[in-house]
2 protein chains.
Amino acid sequence: MRHFKAIVEYDGTDFAGFQWQHGARTVQGVLEEAIGLRTGQTTRIAGAGRTDAGVHALGQVVSFSVATRIPAERMALALNSALPRDVTVRHVEEVDAGFHARFSASSRIYAYLILSRRTPSALLRRYCAFTPFALDLQAMRQAAHYLIGEQDFAAFANELTDEQTTWRDVSRLQIRGRHHLILMRIEANAFLRGMVRTIAGTLIEVGTGKRCPEEIPEILQSRDRRRAGPSAPPQGLFLLRVRYGARRIGARHHSEELSRWLQR
Amino acid sequence: MRHFKAIVEYDGTDFAGFQWQHGARTVQGVLEEAIGLRTGQTTRIAGAGRTDAGVHALGQVVSFSVATRIPAERMALALNSALPRDVTVRHVEEVDAGFHARFSASSRIYAYLILSRRTPSALLRRYCAFTPFALDLQAMRQAAHYLIGEQDFAAFANELTDEQTTWRDVSRLQIRGRHHLILMRIEANAFLRGMVRTIAGTLIEVGTGKRCPEEIPEILQSRDRRRAGPSAPPQGLFLLRVRYGARRIGARHHSEELSRWLQR
């Protein structure tokens, strides 16, 4: 048995989400089918982020184990030839048995795209949220500031279960605007279910002036989902990238890691 | 009767092209239907560029005449509420009876987008051409240089008729690359049928090394369509903007116009 890590891009429009569901078209479903077609084996893949219906990914990471003689460098091509056009395997590499796309991940980066102009966009309709209102980016950045750090995000989560902790560590939350497009980029060790879209929905309300940035600490403290804004629509959300502990010590991030370690 | 000019964005994926066709879904067809629904009148619109099936537009311009009491500034909203989501009217203004979207246009600007990387893109599959080969942008720019100016573009046109002239004036042809995306931007007074896609297809062959830039003058001189490269696929093409004589003398372009006039 060999173990693989794959980086996957997909257009979430025509999927009922990432996770396998009986009778529904899911990203996990089509990936497992493609692996089955190319290796002749049934396997179960694990995904780093279980994106909802309509949510896209540029850098979803999946892991799977399969007995095959296909060389790792040929695997992406082999899988792509068996995949529908709305899912693309970008890269495949062989990993240790201990690697797990979800549990080994050290952080996830999501982007949320908002179009703010008078008319919606025919070309971007599947890839952004739309608001006819102008957004105050400065107010949104102030609000974003309160969301950074290790905190209890219960107020921003859907479907809480008692067992799990609702603390998450948001290490970065940037708001950038260019022409009519506003990009929110958020990184955290992990996200609660619905968390990114609730943050986006709340920040949009701050941007339109419906809320002020100073409400954010109160919302966090309340732990009450009803206090936060609405969930922004799925088509604006993209899973950009997943980081793994091991990668950060790789050549590219070595100096960064070292300088952080020295500053402890 | 009042006369209108509208700027229109559309996703060409699910259209059989701009121009009305019996029994086919066309951009002209859905726009005329929306105007009919909102004004109660049957009208025929004129488009600046008759884009093919699958070709997109960010700034197509259409003109039409209709007796209505809808104020011009409410017209975009009125039409959008009657249009499918893959067509958006960006702006409507009232114009003189003499204005014609096609015949009054002084130039058209098209963009052609190419993705050059190992794997195709699930998210961009409807909005770019794909090549797994690396492109030599320097060679493409050299080839592009030969295409600029007032020349006979018969070798780059499909479906020629004897009556029409095949001379066109290409005033700008830029090639820009960023990450894996290559953007070709071309401006001309007008284009022959299939001309932008044939130029794109030929430049892609120059980029992959299949042709050298120096072949371009020979191809132009031959006036033979078989000498040029293949037509690049429609989904990479966008009608970006249409310029009108009157607009170029507007505030924004006044100094530019003046300096040109002085240099005559």
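Residues numbered from 1 in each chain as written. Chains lettered and ligands numbered in written order. Predicted model: local features only at pLDDT ≥ 70, side-chain atom pairs only at ≥ 80, totals over all residues. Heavy atoms only, no water.

J.: Would you take a moment to explain the overall build of chain A for this structure?
T.: Across its full length, chain A carries 7 helices and 10 strands. At 19 Å, chain A has a C-alpha radius of gyration in line with the 18 Å of a compact globule built from 264 residues. Judged by the C-alpha coordinates and their principal axes, chain A covers about 60 × 50 × 40 Å. Taking all 264 residues of chain A together, 52% fall into the buried category. Across chain A, the fraction of contacts at a sequence separation of at least 24, relative to all contacts at a separation of at least 6, is 70%. Entry remark: accessible area of chain A is about 13,000 Å², with carbon and sulfur atoms responsible for 51%. Of the side chains in chain A, 37 bear a positive and 26 a negative charge, and the two mean positions are spaced by 5 Å. (Helix = DSSP H or I, 4+ residues; strand = E, 2+ residues; numbered from the N terminus. Rg over C-alpha atoms; globule rule 2.2 N^0.38 Å. Buried < 20%, exposed > 50% of the residue type's maximum accessible area, 1.4 Å probe, protein only. Contact = heavy atoms within 4.5 Å. Areas by Shrake-Rupley, 256 points an atom, 1.4 Å probe, with all protein chains shown as cover. Lys, Arg positive; Asp, Glu negative; His and termini not counted. Charge placed at Lys NZ, Arg CZ, Asp CG, Glu CD.)

J.: For this particular structure, what's the right way to read the pairing of strand β8 (residues 167–178) of chain B?
T.: The side chains of a regular strand alternate between both faces of the sheet. Residues and elements named next belong to chain B. Two elements, strand β7 (residues 149–152) and β8, share 4 bridges in a ladder whose sense is antiparallel. Within β8, the position partnered with glycine 149 by the bridge is valine 170. One ladder, built from 8 bridges, connects β8 with strand β9 (residues 181–188); its direction is antiparallel. Directly across from glycine 177, in β9, lies its bridge partner isoleucine 182. Where β8 folds back onto β9 in an antiparallel hairpin, the turn is made up of 2 residues, including histidine 179, whose phi is positive at roughly 55 degrees. (Pairing = 2+ DSSP bridges.)

J.: Got a minute to help me understand the interface of chain A and chain B in this structure?
T.: For an interface, size is often stated in terms of accessible area lost upon the parts coming together. The interface of chain A with chain B comprises 28 residues on the first partner and 28 residues on the second. Interface area for chain A against chain B, summed over the two sides, is near 2,100 Å², with a carbon-plus-sulfur share of 46%. Our count for the chain A to chain B interface comes out at 6 salt bridges. For A:Glu9, the salt bridge goes to B:Arg117, with nearest N and O atoms at 2.8 Å. For the pair chain A and chain B, the number of links is 18 residue pairs in polar contact (both at pLDDT 80 or more). For the side of chain A that touches chain B, the secondary-structure elements that each account for two or more residues are β1 (2–10), β3 (56–66), α2 (72–80) and β4 (87–94) of chain A. By residue number, the principal contributor to the side of chain A that touches chain B is β4(A), which donates 4 residues. In terms of residue class, the side of chain A that touches chain B is made up of 11 nonpolar, 5 polar and 12 charged. (Buried area = accessible area lost by both parts, 1.4 Å probe. Salt bridge = Lys/Arg side-chain N within 4 Å of Asp/Glu carboxyl O. Polar contact = N/O pair within 3.5 Å; in protein donor to acceptor, adjacent residues only side chain to side chain. Nonpolar A, V, L, I, M, F, W, Y, C, P; charged D, E, K, R; others polar.)

J.: Could you clarify how one ought to interpret the domain arrangement of chain A in this entry?
T.: Residues and elements named next belong to chain A. When cut into domains, chain A gives domain 1 (2–95) and domain 2 (106–263). Taking only C-alpha atoms into account, the centre of domain 1 sits 26 Å from that of domain 2. At the junction of the two partners, domain 1 supplies 17 residues and domain 2 supplies 16 residues. Together, the buried faces of domain 1 and domain 2 total about 1,300 Å²; carbon and sulfur atoms form 54% of this surface. By the criterion of area lost to domain 2, the three top residues of domain 1 are Ala48, Asp52 and His56, representing 34% of everything that side buries. Counting every contact that joins domain 1 to domain 2 gives 2 salt bridges. Across the salt bridge formed by aspartate 52 and arginine 193, the nearest N and O atoms sit 3.0 Å from each other. (Domains from an automatic or database assignment.)

J.: Help me understand the relation of the copies chain A and chain B in this model?
T.: Superposition of the two copies of the chain requires a rotation about an axis and a shift along the axis. It takes a turn of 180 degrees to lay chain A on chain B, together with a shift of 0.0 Å along the axis; the resulting RMSD is 0.0 Å. Put plainly, the chains are arranged around a two-fold axis. Within chain A, the C-alpha atom positioned nearest to the axis of rotation is that of A:Leu124, 5.5 Å from it. With an isologous cut-off of 70% or more, the 100% of interface residues of chain A that recur at the interface of chain B puts this contact in the isologous class. (Least-squares fit on C-alpha atoms with pLDDT ≥ 70 in both.)

J.: Please clarify how the packing of helix α3 (residues 137–147) of chain B against helix α5 (residues 215–222) of chain B should be interpreted in this entry.
T.: A pair of packed helices is captured by two measures, namely the crossing angle of their axes and the spacing between those axes. Residue and element names in this part refer to chain B. It is the contact of α3 with α5, at a shortest axis distance of 8 Å, that shows an interaxial angle of 35 degrees. Where α3 crosses over α5, the handedness of that crossing is right-handed. Residues Ala143, Tyr146 and Leu147 of α3 form the contact with α5, whose participating residues are Ile216, Pro217 and Leu220. In the contact of α3 with α5, the residues fall into 6 nonpolar, no polar and no charged. (Axes fitted to C-alpha atoms, helices over the stretch in contact; angles between N-to-C directions. Left-handed = near helix turned anticlockwise from the far one by under 90°.)

J.: Would you explain the pattern of salt bridges in this entry?
T.: Pairs may arise between side chains of opposite charge once their charged atoms sit close together. Residue and element names in this part refer to chain A. Taken as a whole and assessed by the stated rule, the structure comprises 32 salt bridges over all chains. A salt bridge links arginine 211 to glutamate 205; the nearest nitrogen and oxygen atoms lie 2.5 Å apart. Taken individually, arginine 211 and glutamate 205 each receive the classification buried, so the pair is uniform in this respect. The shortest N-O distance in the salt bridge between arginine 227 and glutamate 218 comes to 3.6 Å. A residue is classified by how much of its surface remains accessible, and arginine 227, at 36% relative accessible area, is partly exposed.

J.: Could you clarify how one ought to interpret helix α4 (residues 195–207) of chain B in this entry?
T.: Think of an α-helix as turning once every 3.6 residues; residues three or four places apart then point the same way. Residues and elements named next belong to chain B. Between its first and last C-alpha atoms α4 spans 18 Å; for 13 residues at 1.5 Å apiece the expected length is 18 Å, and the two agree. Across the 13 residues that make up α4, a large majority, 13, are buried. Glycine 209 occupies a position one or two residues after α4 and carries a positive phi of about 90 degrees. (Expected span 1.5 Å × (residues − 1).)

J.: How should the confidence of the model for chain A be read in this particular structure?
T.: Regions with low pLDDT should not have their predicted coordinates read in detail. All names here are of chain A. Within chain A, residue pLDDT values average 92, and 92% of them lie at 70 or more. When the criterion is pLDDT under 50, residues 246–264 qualifies, and its contacts beyond four places in sequence or with other chains add up to 14 contacts. The ipTM for the predicted assembly is 0.86, set against a pTM of 0.89. (pLDDT = per-residue confidence, 0-100.)

J.: Quick question: what am I supposed to make of the packing of helix α3 (residues 137–147) of chain A against helix α4 (residues 195–207) of chain A here?
T.: Residues and elements named next belong to chain A. Look at α3 against α4: their axes get within 8 Å of each other, and the N-to-C directions meet at 140 degrees. Overall, the two elements α3 and α4 adopt an arrangement that is oblique. Relative to α4, α3 is oriented so that their crossing is right-handed. Between α3 and α4, the residues in contact are Ala139, Met140, Ala143, Ala144 and Leu147 and Ile199, Leu203, Ile204, Val206 and Gly207, respectively. Along the lines of polarity and charge, the residues of the contact of α3 with α4 split into 9 nonpolar, 1 polar and no charged. (Parallel < 35°, antiparallel > 145°, perpendicular 65-115°, else oblique.)

J.: Please clarify how helix α1 (residues 27–39) of chain B should be interpreted in this entry.
T.: The terminal C-alpha atoms of α1(B), which comprises 13 residues, lie 18 Å apart, in line with the 18 Å expected from a rise of 1.5 Å per residue. Among all positions of α1(B), only B:Val27, B:Gln28, B:Gly29, B:Val30, B:Leu31, B:Glu32, B:Ala34, B:Ile35 and B:Thr39 are buried.

J.: What's the story with the nonpolar core in this structure? I'm lost.
T.: It is characteristic of soluble globular proteins that their nonpolar side chains tend to be buried jointly. Membership of the largest hydrophobic core comes to 74 residues, with the highest contact counts inside it found for B:Leu31, B:Phe64, B:Phe156, B:Met184, B:Ile199 and B:Leu203. The biggest single contributor to this core is α4(B), with 7 residues. Per-domain counts for this core show at least three residues from each of domain 1 (2–95) and domain 2 (106–263) of chain B. Membership of the second largest hydrophobic core comes to 73 residues, among which are A:Phe15, A:Val62, A:Phe153 and A:Ile186. (Core = buried A, V, L, I, M, F, W, Y, C linked by side-chain atoms within 4.5 Å.)

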